Amino acid sequence: MTADTKSALGSAEHKASSEKVREMKLNGHVGFDSLPDQLVNKSVSQGFSFNILCIGETGLGKSTLLDTLFNTTFDSTPATHDLPGVKLKSNTYELKESNVNLKLTIIETVGYGDQINKEDSFKAIVDYIDAQFENFLQEEMKIKRSIHSFHDTRIHTCLYFIAPTGHSLKAIDLVCMKKLDSKVNIIPVIAKADCIAKNELHKFKIKIMSELVSNGVQIYQFPTDDETVADINATMNSHIPFAVVGSNDFVKVGSKQMRAREYPWGTVQVENETHCDFVKLREMLIRTNMEDLREQTHTRHYELYRRCRLAEMGFEDSEINITEVWEQNRQELDVLQAQEDDMRQKFVQRVKEKESELKDAEKQLHAKFDNLKKQHADEKKSLEEKRRQLEEELNAFNRRKQMLEQNNSSSSSITGKKKK
Ligand code: GTP
Ligand code: MG
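For every chain, the first residue of the written sequence is number 1, and numbering continues from 1 onward in sequence order. Key to labels: chains lettered from A, ligands numbered from 1, both in the order written. Per-residue local features of the predicted model are confined to residues with pLDDT of at least 70, and side-chain atom pairs are confined, for both listing and counting, to 80 or more; whole-chain, interface and lining totals are unaffected and use all residues. Excluded from the side-chain calculation are hydrogens and water; included are all heavy atoms of the structure.

How should I be thinking about the site of ligand 1 in this particular structure?
Proximity criterion: a residue is near a molecule or strand once any of its heavy atoms comes within 4 Å of it. Around ligand 1, a shell composed of 17 residues is seen, among which Lys-62, Ser-63, Thr-64, Ala-79 and Asp-194 lie nearest. In this structure, an oxygen atom belonging to ligand 1 sits 2.9 Å away from a side-chain N or O atom of Lys-62. Polar contacts here mean pairs of N or O atoms no more than 3.5 Å apart (in protein, one a potential hydrogen donor and the other a potential acceptor; neighbouring residues in sequence count only if both atoms are side-chain atoms). One of the backbone nitrogen or oxygen atoms of Ala-79 is found 2.7 Å away from an oxygen atom of ligand 1. A total of 650 Å² of accessible area belongs to ligand 1 in isolation, and the protein chains cover 78% of it. Within the residue set of the shell around ligand 1, elements represented by two or more residues are α3 (62-70) and β8 (256-263). It is α3 that contributes the most residues to the shell around ligand 1, three residues altogether. Three residue categories are used. Nonpolar comprises Ala, Val, Leu, Ile, Met, Phe, Trp, Tyr, Cys and Pro, charged comprises Asp, Glu, Lys and Arg, and polar comprises the others, including Gly. A class-by-class count of the residues in the shell around ligand 1 yields six nonpolar, six polar and five charged. Shrake-Rupley sampling with a 1.4 Å probe provides the accessible areas, and residues are treated as covered by the protein chains on show and by no other component. Under the scheme used here, helices are H or I runs from DSSP no shorter than 4 residues and strands are E runs no shorter than 2 residues, and both carry numbers assigned from the N terminus.

As structure tokens, this is what we get:
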């Protein structure tokens, strides 16, 4: 593009942006006010996916809370406390409420907090979250994409289960949440909140929040920009971390069967707001802010991951010129290809040289072997000859000896006769 055309385009853009857009009045109903309904219908027919990651020590009530949240019984098997490392267990379910289909994926940590050395406990979790971002990125970068039918497994929210110690956060909690806060929407919850007294719970919440702030851990804040939910969300933000109780047992309250935990001294009703914050959590997570959690995951966390990955791939600038980067990468690839070809040729040449060297050596060895064989045959022949000669000499010697002995015996008999 020449400098002239560039400046001409620039001034045209400038003109367009400075132009005032005229407001027009319609003389009657046209129908584009149905656009929001069209959007809703399209989304409903496509269905939704929602992925929840539960992080918490073994036996802290993760599975029970999810059963309670979705009022069902998901598959779960209790974990043991002797695993050598942290793992993640994922299950996907198709749920339907009214005519809305939800593909829900629940991921739970297994063996979290059970190791003596807890330094790397967060690693498996970080890797899992990144792997889901990477899958989505790879799908997006395909020439033939199918984003709408693609099963999006990116984590939309992370429920972080805090043990009801009434004390403060553990080191593992702070380290893990710090590692995750730029990757996922963290909602901290105090698990098994029925184990803490009311006045202690209040202090515990304050302590947790102050520790999170002083360690710079960013947790998810319910959005207050939409005025229809601004008030409720602002109020709920002040209740974080929610103190939750889960249960798979039911008791009759009035005419209804309610989830509750029964103790010798009384009953904790899960859905009773004076007993715990379970209802607040369900309201915020599922009924009010599910879409915001999905959106934040895409626009904030995934965007950050994508930007870093593209930078790694060479797309450094904000104004990236894909053709230039592609051309640059292609040239680098060409150079690498030429180097590879050269190396391959050298390798083939070297192999050929080595082969002919080996053949020569083999020939020499054969010649040496033939020579030795011949020498050996000659030596054998001359030895045979020598042996034959020696045998002849021995025979001659024996014959002579025999003759002499015969002569000696005949002459001694003659002398004997004479004496007589
Ligand atoms: P793993 O998957 O094995 O790590 O355990 P988990 O975190 O999924 O815990 P799970 O839901 O299996 O609950 C473990 C035990 O805690 C069970 O006996 C539950 O009944 C009990 N439990 C669950 N929620 C609560 C709660 O809110 N309060 C109390 N007191 N106990 C609970
Ligand atoms: Mg479980």
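Hey, could you run me through the coordination of the magnesium ion (ligand 2) in this one?
For a metal bound by four donors in a tetrahedral arrangement, the ideal donor-metal-donor angle is 109.5 degrees, while six donors in an octahedral arrangement ideally sit at 90 or 180 degrees. Those protein atoms acting as donors to the magnesium ion (ligand 2) are Ser-63 (OG) and Glu-108 (OE), and they sit at 2.0 to 2.5 Å. With a gap of 45 residues between them, Ser-63 in helix α3 and Glu-108 in strand β3 (residues 100-110) connect regions that are remote in the sequence. By the burial criterion, Ser-63 is buried, and Glu-108 matches it. For Na, K and Ca the donor cut-off is 3.2 Å, while for other metals it is 2.8 Å, and in both cases only N, O and S atoms qualify; water is not among them, so sites may look incomplete. The classification of residues rests on relative accessible area computed with a 1.4 Å probe and restricted to protein chains. Under 20% of the type maximum is buried, over 50% is exposed, and intermediate values are partly exposed.

Explain unusual backbone geometry here, please?
Glycine aside, residues mostly have negative phi angles, and peptide bonds mostly take the trans form. For the bond running from Ile-240 to Pro-241, omega is -5°, close enough to zero to count as cis. Relative to the elements of secondary structure, Pro-241 occurs in the loop between α7 (227-237) and β6 (242-243). One non-glycine residue, Ser-98, lies in the positive phi region at around 50°. Relative to the helices and strands, Ser-98 is located in the loop between β2 (87-97) and β3.

Can you walk me through the packing of aromatic side chains in this structure?
Two numbers describe a pair of aromatic rings. These are the distance of the centres and the angle of the planes. Geometry of aromatic contacts follows a simple scheme: Phe, Tyr and Trp rings, the Trp one being its six-membered ring, pair when their centres are within 6.5 Å, and the pair is stacked under 30 degrees between planes, edge-to-face over 60, tilted otherwise. Going through the model one piece at a time under the given rule, you end up with ten aromatic pairs. Between Phe-133 and Tyr-305 the ring centres are 5.3 Å apart and the planes differ by 35°, which places this aromatic pair in the tilted class. With Phe-133 in helix α4 (residues 123-141) and Tyr-305 in helix α9 (residues 290-313), this pair connects stretches of sequence that are 172 residues apart. According to the relative accessible area criterion, Phe-133 is buried, its value standing at 2%. For Tyr-305, a relative accessible area of 14% translates into the label buried. Consider the rings of Phe-136 and Phe-150, whose centres lie 5.9 Å apart with planes at 65°: the pair is edge-to-face. In this pair, Phe-136 sits in helix α4 while Phe-150 sits in the loop between α4 and β4 (157-162), placing the two residues 14 residues apart along the sequence. The class of Phe-136 is buried, set by a relative accessible area of 5%. Using a relative accessible area of 23% as the deciding quantity, one classes Phe-150 as partly exposed. An aromatic cluster of at least three residues, connected via ring pairs, comprises Phe-133, Phe-136, Phe-150, Tyr-302 and Tyr-305.

Can you walk me through the packing of α3 against helix α8 (residues 278-288) in this structure?
In this description, a line fitted to the C-alpha atoms serves as the axis of each element, helices being fitted only across the stretch in contact, and the angle between N-to-C directions of two axes falls anywhere from 0 to 180 degrees. Two elements in contact, α3 and α8, have axes separated by 10 Å at closest approach and are oriented at 70°. In terms of orientation, α3 and α8 fall into the roughly perpendicular class. For the crossing formed where α3 meets α8, the hand is right-handed. On α8, the residues touching Leu-65, Thr-68, Leu-69 and Phe-70 of α3 are Phe-278, Leu-281, Arg-282, Leu-285 and Ile-286. For the contact of α3 with α8, a count of residues per class yields seven nonpolar, one polar and one charged. Roughly parallel refers to an angle under 35 degrees, roughly antiparallel to one over 145, roughly perpendicular to one between 65 and 115, and oblique to any angle outside these ranges. Left-handed describes a crossing whose near helix is turned anticlockwise from the far helix by less than a right angle; the clockwise case is right-handed. Pairs of residues are marked as contacts when any of their non-hydrogen atoms sit within 4.5 Å.

Looking at this structure, how should I read the nonpolar core?
If you look at soluble globular proteins, the nonpolar side chains tend to sit buried side by side. In this structure, Ile-52, Ile-55, Leu-159, Leu-180, Phe-242, Leu-281 and Leu-285 are the most contacted members of the largest nonpolar core, which totals 73 residues. Counting residues per element, this core draws most heavily on α4, which supplies seven residues. When near neighbours in sequence (up to four residues on either side) are disregarded, Ile-52 contacts Leu-66, Phe-70, Leu-104, Thr-105, Ile-106, Ile-107, Thr-157, Leu-159 and Leu-285. Side-chain atoms within 4.5 Å link the members of a nonpolar core, which is a set of buried Ala, Val, Leu, Ile, Met, Phe, Trp, Tyr and Cys residues.

Got a minute to help me understand the state of the cysteines in this structure?
Between two cysteines, a covalent bond joining their sulfur atoms is known as a disulfide. Counting rule for disulfides: a pair of cysteine sulfur atoms within 2.5 Å. In the structure shown here, the tally under the stated rule is zero disulfides. Cys-158 supplies the cysteine sulfur nearest to Cys-54, a cysteine that is in no disulfide, at a spacing of 8.0 Å. Of the residues examined, Cys-54 reaches a relative accessible area of 0% and is grouped as buried. Cysteine Cys-195 is unpaired, with the sulfur of Cys-276 as its nearest cysteine sulfur at 12 Å.

What am I meant to see in the sheet that holds strand β7 (residues 250-253) here?
Strand pairs in the sheet, formed through backbone hydrogen bonds, run parallel or antiparallel to each other. Paired strands, in this sense, are two strands between which DSSP finds at least two bridges. On the basis of which strands lie adjacent, the open sheet formed by three strands has the order β7-β8-β9 and antiparallel pairing. The strands lining the two open edges of the sheet, one partner per strand, are β7 and β9 (266-269). Strand-to-strand twist of the sheet, defined as the mean angle between neighbouring strand axes without regard to direction, takes the value 60°. Bridge count between β7 and β8: four bridges; the pairing is antiparallel. By the bridge assignment for β8, Phe-250 is matched with Arg-259.

Where do I start with the layout of surface pockets in this structure?
By rolling a water-sized probe across the atoms, one finds the places where empty space is left. Cavities and pockets were defined on a 1 Å grid built from protein atoms only: a cavity is a group of points that admits a 1.4 Å probe but offers it no way out, a pocket is an open group of points flanked by protein on both sides within 12 Å along at least five of seven lines, and a lining residue is one with an atom within 4 Å of any such point. Grid points are joined across faces, edges and corners, and a volume is the space filled by probe spheres set on the points. Within this model, the largest pocket holds a volume of roughly 980 Å³. Residue lining of the largest pocket: 33 residues in total, with Glu-97, Leu-102, Ile-286, Arg-287 and Met-290 positioned closest to the centre. Only α3, β2, β3, β8, α8 and α9 provide two or more residues apiece to the lining of the largest pocket. In terms of residue count, the dominant contributor to the lining of the largest pocket is α9 (six residues). Residue classes in the lining of the largest pocket are distributed as twelve nonpolar, eight polar and 13 charged. One number sums up the size of the second largest pocket: a volume of about 760 Å³. Taken together, 24 residues form the lining of the second largest pocket, with Gly-47, Phe-48, Ser-49, His-148 and Arg-294 sitting closest to its centre. Contributing elements (two or more residues each) for the lining of the second largest pocket: α2 (35-46), β1 (48-55), β3 and α9. For the lining of the second largest pocket, a count of residues per class yields six nonpolar, ten polar and eight charged.

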